[in-house]
Amino acid sequence: MLQDPILLHDWHPVASLAQLEQSPILSVRLLGEDLVVWRCGDQLLAWQDLCLHRGARLSLGWVRDERLVCPYHGWEYSADGQCVHIPAHPTQAPPAKARVKTYHAQVRYGLVWVALGEPHHPIPPFPEWEDAAFRKILCGPYRVKASGPRIVENFLDVAHFPFVHEGILGDPAHPEISDYQAEITHEGVVARGVRVYQPNGYGDGRGAEVEYTYKALRPLTAYLLKESDGPRFSILLAITPHDAVDSSAWMWMAMNYGHDIPEATLVAWQDRIFMQDRPIVESQRPELLPLDLQAELHLRSDRTAIAYRRWLKQLGVTVGVA
C-alpha cells in the first residue's frame, strides 16, 4: 500500500453502481492495494483482495448466502470479514485470525467510495446532485497512465483550451486569459472569475467569453461551474489513484438545459474532450507533479495551479507529487 498521510484517510471512487449491477464482485486497485468490492444483501463492502489461507484473490470467487466464497478452497467469509466455514473441516470452528482486512465504503453520486484509513473528511459536495432541474450524466472511468495530481491540475487549467480542444472549448484566435483570483480556503482551492473564449459558449452556436468557478475540494477531487444566469453546467471530477502514475478519472456532468439531447451524444462529447487531454497529461515530465514552484515556469494564467500545488504541499500529500 502507498502510505500517503493524506490520501490514505481520504475517500476515493473505485466503482460505479452500474458496474456492480453487471457483476456482484469487482477487483479494483487503490493506492497500491488490491481490493475486492462486493454486494452483500443491501451492503456494499470493500476488502483486501486476499484469502487468509493461501493468498488467492477473493475477487475470483462468488457470493453464496451473503458470504464471499474463496475460489481456491471454498473458505466462506461473512459480511464482517470473518471466515465462518472451511469445507475441508466442516465441523471445525475457523480460527479468529481468519479475518479479511476490511475498509470503509459508502455510496454517493452513484459511485462506491472507499477509504483505506480512517476518513478525516466527508465525501466532497456536488451541489447540483440534489437539484432536480439538473440532468446528471456519468462519464468514464477514463484510465490514464499519469499521476492523480497531474490530471486534476489539467482539469483546473483553461489556458490549454484553444490548443488541445480547438473548436470545442477554445479558439486559437482568442487565446487570452483574463486576470482572475485563486486562493486556498476552508473549501480547498477556489478560483473565481476564470474567463476564456469558447466557440459555442452557452450552447447557442455563438462564440462568447465564458466565466468559470473552479474548486479543488480534495487533493484528487475537483469541481467546475460555468457561471450563467440561464444555462448552467458543472462537472465533478474524482480520481482513483491506482498507483503513483496510474489513475482513473470519473466525471459527473450536470446541466439544467439540453434535456432533449441523447445521453449517448453528451457522453461522446465528453469522451472526445478527455481523449484529447489524455495523451498530453501522459506525456508530461516529470510524471509526478512538482510542488517546488521553482521547478517549472508559471504565469498569471496559472494561478489556480499555483494555489493547488501550494495547497498539496501544505496538506503533506506525497503520492503523485515530487
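Residues numbered from 1 in each chain as written. Predicted model: local features only at pLDDT ≥ 70, side-chain atom pairs only at ≥ 80, totals over all residues. Heavy atoms only, no water.

Q: Looking at this structure, I do not really get the side chain of Glu 33. What am I missing?
A: With respect to the element layout, Glu 33 can be found in strand S3 (residues 33–40). For the buried Glu 33, which has no salt bridge, the nearest side chain bearing the opposite charge is Lys 101, at an N-O separation of 4.9 Å. At 3.5 Å, the side chain of Glu 33 and the side chain of Gln 48 are in polar contact. The residues contacting Glu 33, other than those within four sequence positions of it, are Met 1, Val 28, Gln 48, Tyr 103 and Leu 116. (Helix = DSSP H or I, 4+ residues; strand = E, 2+ residues; numbered from the N terminus. Buried < 20%, exposed > 50% of the residue type's maximum accessible area, 1.4 Å probe, protein only. Lys, Arg positive; Asp, Glu negative; His and termini not counted. Salt bridge = Lys/Arg side-chain N within 4 Å of Asp/Glu carboxyl O. Polar contact = N/O pair within 3.5 Å; in protein donor to acceptor, adjacent residues only side chain to side chain. Contact = heavy atoms within 4.5 Å.)

Q: How do you make sense of the pattern of salt bridges when you look at a structure like this?
A: Proximity of charged atoms lets side chains of opposite charge pair with each other. Evaluated as defined, the whole model comprises 17 salt bridges. The partner of Arg 29 in a salt bridge is Asp 243, with the nearest N and O atoms 2.7 Å apart. On the criterion of sequence distance, the pair formed by Arg 29 in strand S2 (residues 25–30) and Asp 243 in strand S16 (residues 233–243) is long-range, its members being 214 residues apart. The exposure class assigned to Arg 29 is partly exposed, which follows from its relative accessible area of 28%. Residue Asp 246 is joined to Arg 143 by a salt bridge in which the shortest nitrogen-to-oxygen separation is 2.8 Å. Of this pair, Asp 246 sits in strand S17 (residues 246–255) while Arg 143 is found in strand S11 (residues 135–144), placing the two residues 103 residues apart along the sequence. Overlapping salt bridges bring together Arg 29, Asp 34, Asp 49, Arg 57 and Asp 243 as one network.

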